[in-house]
Every structure is written in structure tokens, then in C-alpha cells.
Amino acid sequence: MASSTKYIFITGGVTSSLGKGIIAASLGKLLQSRGFSVTIQKFDPYLNIDPGTLNPYEHGECYVTDDGAETDLDLGHYERFLNVATSQSNNVTTGRIYNNVITKERKGEFLGKTVQVIPHITDEIKCNFYKLGEEGKYDVVITEIGGCVGDIESLPFIEAVRQARWDLGPNNFLVIHLTLIPYLSAAKELKTKPTQHSVKQLLEAGIQPDILVCRTEHHLPAEVKKKLALFCNVQLNNVIEAMDAESIYDVPLLMKKEKLDERVITKLKLSSKTNTELEHWKDFLGRLKNPTEEVTIGLVGKYISLPDSYKSIIESFTHAGSSVECRVNLKLISSEEINKDNIDTKMEDLDGVVVAPGFGERGFEGKIETVKYARENDLPFFGICLGMQVAVIEFARNVLNYPTANSTEMDPDTSAPVIGLMEEQKNIVQMGGTMRLGAYACELKKNSKAYAAYGKVKIQERHRHRYEFNNDYLKEFESAGMVATGLNPETGLVEIVEIKKHPWFVGVQFHPEYKSTVLSPQPLFVKFIQAAIDSQNKKSK
């Protein structure tokens, strides 16, 4: 198979959650800084078609792309680091692979052959490996293989990687194995044996890793690196130390110091085009680590025991905070624990509050109390997706005097359905991939907080919802002071609501956090942080 695109595969061993996604994104950033066009894809070994139906406690947040794909949260890291949009093609699961093969079989495309894991499943996996490279837009495609080497679920993917070496040729193919070097405090010793066993499992599957990236809490002495090189059959300078970092955004610079990008370029015989030295990245880190302001923001949600459920929101605050040289201390608050009796205590030390997205009625009334407090006490408020809907319901109950106002998601029989199921959703029975997903247009009113943030009338933001503002109530809301400042130009769907007389009260139906990156902080997050700083200054005076 002739190919001008270079393919890098990243596998993991010893334990999960070592940070393959961050290493992939960091390497991608380093190659990008040298002038190469790069994309990253994630292959997940679970049987769900996509993570859209997974509980956030199971898998963290579900990240949504412009083209409406519900994907793994690692795609968020890829976009935040590379500042390049991903798509449906960048996240593939075992479920999708098998679904594609079975669909072909039902159509008779295998001409009566017995359909097997090898070659039919592995061929389908390889077809998806190469899809982005065949578009001709990328010099390098980085593929992260989810899970751990040795997992039964990952076996077809590992076999497909082995076969890919022969398809692509040695100069177009590279395997990076991310592993853990544990430190035994009782023995005061770093142990290489788990990594040796992990590489041995890869070798048994027919794959020799070219580079070892070793996660560690302590620096790797020269003798440890030599031992790893000897027993894992890799060159000494291809044993890369990956020390625990203060921030995920330090990792590209740490990997550059370890010369990971140089090792990759040498192995793949790439000719480096430019070297921009990551100046913008260093500027971002400088502002992040040397803030001139500091605010405390409450993030109110129902999944806060697993912060990865709100990964994109948390990272958006990092990007936006850096842009205004402000350290944002996020206080995660369970909406289930909020009630009328403790709301003052929960909110008293906050400079602003975000009500997070979510589904279902658990913790819903706690979110209502949060919005009420923010509205009545001039506390900067930002509602995202369900957070906007909660703001609408609270306003209907306590300002418009509809005490039973609700969303039909929470109460199908409510007498005041200010939030209702979207018309096109009413006949849908399948749960997976059927919400209003992906990027849609929104037009802003010029005298609004949203327009002040974006600086333009027409914007595009990503969505993930089934319910919407009920426009039958729009005039009533606007006459009472809650105004629709952003509308979908085609359907009239309310995308943004604001309270005019409040210092900063904005609710959005879309998910602005999905498009925030290191080099392009999301405008609404930036203005919200500025409002929190202003609120803090006003209180201190």
C-alpha cells in the first residue's frame, strides 16, 4: 500500500488512565509546530456504537463534533491542543466496526464467505485506520488504541496494528507504547518489570514498539533507561521519560525536552518544514501560571463526583482564565445537596456560578435554587444546555408566577410546559445518536451580552439536546425581562436567554465548551470570568 501519509499508533500497558490521549495530543502539537498537518483518532474497544448512551460516571463526558458525532472525551483534548476540528471519522468503536461488517454481510457483500475476525473485522479496522490519511489533508495520522494491551476487547485492534506495518512499510509506520514505571516507597526503587511484561504481551501479538513513553513520579536514572532499552528491545534514546506534570498543558514542552518529536521524525524519515518553537503555547502557559486576578466559580451539576463528566467546561475555564490572566478556582457542587435551607451557605464565597448540562430530574430542584439565588443576588450566572432550561423554568415559577412551570422531560403533564420536546424528536424511539447534535447557526441581537462576547451577529455552536424553549411563552418572558438574544435563523429556536437588569445572566441552549481551545478561548467563558472579577471587585469595595 503506497502512502505519503505517516501513521503513528499509540498503545497503553500496565494500567489504564495513563494519559494516552494527552501524549497523543502533545505529540500532535509538537509535529504541528514543525509545520506538519496532523490529525488524531481514537479507537475504543467497547461494543457501544458511540459513547452517547453511556452514563457520564462510566466514561466521563460525551464530546460532540461539528458534524454531530457523539465521541470519546479524548477528542476534546485533540481539538484543544491542535486547534483543528475532529469529526465522526476520528472516533471508532468495536461496536461500529462489527455493525459495519454485519451490515455488509446482510447485503451479501462477502459473496457467501464465512465472515471471521481475521480478515473481515481486522480489514474493517484497517480501513478506518487509513480513512483520514486517504483524504490527502494530513502528513501524519496519530491513532490512539483505547484500553490496555492484554485486554480481550483490544485483541482485534492490536492484530490490525500488526497487519498495518506490512500494509504501510517501515518508514510510514511507528508504534509508541505508553507504560507505567511504579515506585515502591518501601524499597525506594523504581520497578521496570510491569513494563517488561507489557512489552512482552505486545511482542507476543507480533508488534515491536519503536518508542517507550514511561509515566513516572520520579526521574528515571540512566541505569533504569538502559534496563528498559535492553529488555524491551528498543534503542536507548527511544526510552522517553514522562514525569507527572503540574498541568496537562505542560506536557508538550516536557515531551519536546525529551525529544519525542525528534525521535518520531527520525524514525519516519520526515523532513521538518519549520519550527515555530511553540511561542503562543508558552505565552498561554506564562499567563496561566502568573495570574493577576483570582476568582472562585461554582460549577453546579449532578455528576461532580467524576470531574471528567464536565471535562470540556473545566478546560474552557483554564483557557479563558489564562486569556484574562485570572486563576479560576472551580468549586464543584452537587446539585442534589442544594436546598432552600443551605443555598446561602453554598453560594456565599462564589464570584460566579455555572449550572451544568445534564439529563433527568435528579438534582433538578437544587439547580432551580441555584438560579434563583444568582438572579436575586446579582451573582454572575452562566447556564449551559439544561442550565439554560433551568433558568427559564425558575423565571417562569418565581417571576411570571407559574408555580408548576417545568420541562416536559421532568413532568410530562405540567400545566406550564415552558420547556418542551422538540417537534422532530416526538416520533423517535431509538436513544443513540438521535438528539439534535452538532453545529447549528445562531443569530445574536446587537445590544446583548452574547454579542459583546462574540463581536459578531452570526455564530455557529455545537448542540446536544432533545428539549427546547417553548416559543408560545416568549412574549411573556420578554415583557418580564428575560430576553431571547440568540435565535436559530431557520427554526426560531431560542438559543440564548439573558436578563437585562442583571450584571451578567446568560443561558445558552448549546455547548460553548466544545469549541474552546488553548489558542481560541471561548468568548462567553472569557466574558463570564470578567463579570466574576467585576463582581468580586464590587463586593470588596
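Scroll up a little and you will see the structure.
Residues numbered from 1 in each chain as written. Predicted model: local features only at pLDDT ≥ 70, side-chain atom pairs only at ≥ 80, totals over all residues. Heavy atoms only, no water.

Let's shift gears to the overall build of the protein. On a plain count of helices and strands, the protein comes out with 18 helices and 23 strands. In summary, the protein has a C-alpha radius of gyration of 25 Å against a globular reference of 24 Å for 541 residues, a match within 12%. In the protein, which comprises 541 residues, the share counted as buried stands at 56%. In the protein, the proportion of contacts linking residues at least 24 apart, taken out of those at least 6 apart, comes to 73%. With an accessible surface of roughly 22800 Å², the protein has 49% of that area assigned to carbon and sulfur atoms. Each charge class in the protein can be summarised by its mean position, and for the 63 positive and 71 negative side chains these summaries are 5 Å apart. (Helix = DSSP H or I, 4+ residues; strand = E, 2+ residues; numbered from the N terminus. Rg over C-alpha atoms; globule rule 2.2 N^0.38 Å. Buried < 20%, exposed > 50% of the residue type's maximum accessible area, 1.4 Å probe, protein only. Contact = heavy atoms within 4.5 Å. Areas by Shrake-Rupley, 256 points an atom, 1.4 Å probe, with all protein chains shown as cover. Lys, Arg positive; Asp, Glu negative; His and termini not counted. Charge placed at Lys NZ, Arg CZ, Asp CG, Glu CD.)

Taken in spatial order, the 9 strands make up an open sheet running β13-β12-β14-β15-β23-β22-β21-β18-β19, and their pairing is mixed. Only two strands of the sheet have a single partner each, and these edge strands are β13 (326-334) and β19 (458-465). In this sheet, adjacent strand axes meet at a mean angle of 30 degrees when their direction is disregarded. In terms of strand pairing, strand β12 (residues 293-301) meets β13 through 9 bridges, oriented parallel. Residue pairing for β13: Leu299 is matched across the bridge by Leu332. Against the sheet, helix α12 (residues 311-323) touches β12, β13, β14 (352-355) and β15 (381-384), its axis set at about 160 degrees to β13. (Pairing = 2+ DSSP bridges. Axes fitted to C-alpha atoms, helices over the stretch in contact; angles between N-to-C directions.)

With that settled, the discussion passes to the state of the cysteines. Here a disulfide denotes one covalent bond, and it connects the sulfur atoms of two cysteines. Here the structure, examined in full by the defined rule, presents 0 disulfides. Cys214 carries a free sulfur, and the closest cysteine sulfur to it, the one in Cys232, is 7.7 Å from it. Given a relative accessible area of 0%, Cys214 falls into the buried group. (Disulfide = S-S within 2.5 Å.)

Reading across from one edge, β16-β17-β20 is the order of the 3 strands in this open sheet, with mixed pairing throughout. For this open sheet the edge positions go to β16 (406-407) and β20 (467-469), each flanked by a neighbour on one side alone. Two strands pair when backbone bridges link them, and strand β17 (residues 417-421) and β20 are joined in this way by 3 bridges, in the antiparallel orientation. Looking at β20, one finds that Gly420 is bridged to Glu468. Packing against the sheet, helix α15 (residues 386-398) makes contact with β16, β17 and β20, and its axis sits at approximately 150 degrees to β17.

Here the structure, examined in full by the defined rule, presents 2 cavities of 30 Å³ or more. Taken as a whole, the largest cavity holds about 40 Å³ of empty space. As for the largest cavity, its lining consists of Thr11, Gly12, Ile145, Gly146, Gly147, Cys148, Val149, Ser154 and Ile158. Its residues assigned to classes, the lining of the largest cavity comprises 4 nonpolar, 5 polar and no charged. The volume enclosed by the second largest cavity comes to roughly 30 Å³. Among the secondary structure elements, those contributing two or more residues to the lining of the second largest cavity are β2 (38-44) and α3 (74-82). A total of 3 residues in the lining of the second largest cavity trace back to one element, the largest contributor, which is β2. Class assignment for the residues of the lining of the second largest cavity results in 6 nonpolar, 2 polar and no charged. (1 Å grid on protein atoms, 1.4 Å probe; cavity = no way out; pocket = protein on both sides within 12 Å on 5 of 7 lines; lining within 4 Å. Points joined across faces, edges and corners; volume = space filled by probe spheres on them. Nonpolar A, V, L, I, M, F, W, Y, C, P; charged D, E, K, R; others polar.)

Below, the discussion takes up the nonpolar core. Ranked by size, the top nonpolar core spans 44 residues in total, and within it Ile8, Leu31, Ile142, Ile176, Val213, Leu260 and Val264 carry the most contacts. Tallying contributions element by element places helix α1 (residues 20-33) first for this core, with 7 residues. In this view, Ile176 contacts Ile8, Phe9, Ile10, Thr11, Leu27, Ile211, Val213, Leu260 and Val264; residues no more than four positions away in its chain are not counted. Grouped together as the second largest cluster of nonpolar side chains are 40 residues, Val371, Ala374, Phe469 and Phe477 included. (Core = buried A, V, L, I, M, F, W, Y, C linked by side-chain atoms within 4.5 Å.)

If you add up the space inside the largest pocket, you get close to 920 Å³. Around the largest pocket, the lining is made up of 38 residues, and of these Ser17, Leu18, Gly19, Lys20 and Asp74 lie nearest the centre. Elements with a contribution of two residues or more to the lining of the largest pocket: α1, β2, α2 (56-59), α3, β11 (239-243) and α9 (251-257). Sorting elements by how many residues they give to the lining of the largest pocket places α1 first, with 4 residues. Residues belonging to the lining of the largest pocket are distributed by class as follows: 15 nonpolar, 10 polar and 13 charged.

Once that is clear, we can look at the packing of aromatic side chains. Per the stated rule, a full pass over the model turns up 22 aromatic pairs. Relative to Tyr514, the ring of Tyr63 lies with its centre 5.2 Å away and its plane at 70 degrees, an arrangement referred to as edge-to-face. One end of the pair, Tyr63, is in strand β3 (residues 63-64); the other, Tyr514, is in the loop between β23 (505-508) and α18 (523-540), with 451 residues separating them in the sequence. The exposure class assigned to Tyr63 is buried, which follows from its relative accessible area of 0%. Measuring from ring centre to ring centre gives 5.8 Å for Phe395 and Phe477, while their planes differ by 25 degrees; the resulting arrangement is stacked. Here Phe395, found in helix α15, pairs with Phe477, found in helix α17 (residues 474-480); they are 82 residues apart in sequence, far enough to count as distant. (Phe/Tyr/Trp six-rings, centres within 6.5 Å; stacked < 30°, edge-to-face > 60°.)

Next up on the list: unusual backbone geometry. Between Ile118 and the following residue, Pro119, the backbone shows a cis peptide bond with an omega angle of 15 degrees. Along the polypeptide, Pro119 turns up in helix α5 (residues 117-131). Here Val14, not a glycine, exhibits a phi torsion of approximately 75 degrees, which is positive. Position of Val14 relative to the elements: it lies in the loop between β1 (6-12) and α1. Assessed through its relative accessible area of 37%, Val14 is described here as partly exposed. Here Asp378, not a glycine, exhibits a phi torsion of approximately 55 degrees, which is positive. Within the secondary structure, Asp378 sits in the loop between α14 (364-376) and β15. Note on Asp378: relative accessible area 35%, which makes it partly exposed.

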